[in-house]
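This is what each chain is made of:
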Amino acid sequence: ALPICLAELPHMRDPLMLAAMNVMAASNLAVYTVAPRLFPLYVIRQVLLAIEHGNAPHSPYAYALYGLVLCAVVGDLDAGYEWGQLGLGLLDALEASRFRAKTLFTVQAFIQHWKAHAHETLPLGRAAYGSGLETGDLEFAALGTVGYAAYGFHSGRELPALEREVAAFAETVAALKQETSLFRLRIYRQACQNLFGQAEDVRQLRGAIYDAGESLAYHVEQHDGTSAFAVYLCQLMLCLLFHDTAGALANAELAEQSIDL
């Protein structure tokens with residue numbers, strides 16, 4: 001019942017607490033990337049500030065992140081889903097437009113698929129993209145396109161349509177200079193191209209859109225385990241589809257290793 005109660009909290013008024021929430025919200029992604037073991041505590045602190053001082057425009061994002069922690073760390077999918085829905089439900093009530101793209105992406109990429117078919121998460125990814133463009137949150141606009149591409153690919157979205165959508169996203173993301181998201185979009189575009197037969201070896205992401213031989217070392221250098229994992233997971237699937245069991249096993253091992261980059 002706690003998430004429901006939090007929806008009824010008064011608005012946060014203390015300027016010092018609002019400033020603290022502002023700093024913490026701006027740093028969430030950095031903490032998640034650089035110090036993942038501290039990330040749950042960092043999120044919990046933001047939730048506690050809301051409980052103690054009231055809801056702020058930053059709170060929907062914090063609640064969605066707490067839902068992420070419950071799903072990914074604690075394994076309580078039902079509670080995590082409730083917290084994600086709380087975050088979505090408070091976006092309008094708290095006039096949280098600055099945090100809409102962040103909240104939408106967090107729920108789409110890390111929560112919604114535990115309780116709904118992955119295909120049903122796609123509108124959230126597209127909405128995160130649109131909201132990010134509208135509010136100037138370019139990083140999460142780009143991440144919204146990645147969430148859309150990844151879940152579209154893995155949920156069985158019709159490949160020609162998906163490839164066209166991802167190509168359009170990639171053009172915008174390139175103009176926004178969001179390099180990491182652009183790499184990830186190219187990974188999924190190349191996976192589509194491979195399935196169209198437009199690659200010398202359909203089991204390897206080495207083509208006109210994305211070349212794993214050139215880019216994987218860069219992902220490792222940047223400690224970008226998410227991009228490396230996406231490459232190995234796509235190659236694992238391609239190997240299975242084209243009956244290369246040994247290749248699938250090799251990519252599975254590399255995918256597991258990339259988690260710790």
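Overview of the structure. A quick note: this is a predicted structure, and the numbers were derived from the prediction, not measured.

Let's shift gears to the packing of aromatic side chains. Applying the stated criterion to the full structure yields 11 aromatic pairs. Here F183 and Y218 contribute two aromatic rings whose centre-to-centre distance is 5.6 Å and whose plane-to-plane angle is 40°, an arrangement assigned as tilted. With a gap of 35 residues between them, F183 in helix α10 (residues 179-195) and Y218 in helix α11 (residues 212-221) connect regions that are remote in the sequence. Residue classification places F183 among the buried residues on the basis of a relative accessible area of 15%. Through a chain of ring-to-ring contacts, the aromatic side chains of Y32, F39, Y61, F105, F110 and F140 assemble into a single cluster. Stacked on the ring of Y148, the Lys or Arg R126 has its end atom at 5.0 Å from the ring centre.

Viewed as axis vectors pointing N to C, helix α6 (residues 100-110) and helix α7 (residues 122-135) meet at an angle of 160°, and their least axial separation amounts to 8 Å. The angle between α6 and α7 falls in the class roughly antiparallel. The crossing of α6 and α7 is left-handed. Where α6 abuts α7, its residues R100, A101, L104, F105, V107 and Q108 lie against L124, G125, A127, A128, S131 and G132. Of the residues contributing to the contact of α6 with α7, the split by class is 7 nonpolar, 4 polar and 1 charged.

Each value, and the rule that gives it
- Here the residue index of a chain counts from 1 through its sequence in written order.
- Local features in this predicted model are restricted to residues whose pLDDT is 70 or higher, and side-chain atom pairs enter the listing and the counts only when it is 80 or higher, whereas totals over whole chains, interfaces and linings include all residues.
- Excluding hydrogens and water, the side-chain figures rest on all heavy atoms present in the structure.
- Aromatic pairing here means that ring centres of Phe, Tyr or Trp (its six-membered ring) are within 6.5 Å. Orientation follows from the plane angle: under 30 degrees is stacked, over 60 is edge-to-face, and everything else is tilted.
- Secondary structure elements are defined from DSSP: runs of H or I of at least 4 residues count as helices, runs of E of at least 2 residues count as strands, and each element is numbered from the N terminus.
- Each residue's exposure class comes from its accessible area (1.4 Å probe, protein chains only) as a fraction of the maximum for that residue type: buried when under 20%, exposed when over 50%, partly exposed otherwise.
- We count a charge as sitting over a ring when the NZ of a lysine or the CZ of an arginine lies within 6 Å of the ring centre and within 35 degrees of the ring normal.
- Only the contacting stretch of a helix is used when fitting its axis, a line to C-alpha atoms as for every element, and angles between N-to-C directions run 0 to 180 degrees.
- Oblique is the label for any angle not covered by the other classes, which are roughly parallel (under 35 degrees), roughly antiparallel (over 145) and roughly perpendicular (65 to 115).
- In this scheme the crossing of two helices becomes right-handed for a clockwise turn of the near helix relative to the far one and left-handed for an anticlockwise turn of less than a right angle.
- By definition, residues are in contact when any of their heavy atoms lie within 4.5 Å.
- The residue classification treats Ala, Val, Leu, Ile, Met, Phe, Trp, Tyr, Cys and Pro as nonpolar and Asp, Glu, Lys and Arg as charged. All others, Gly included, are polar.

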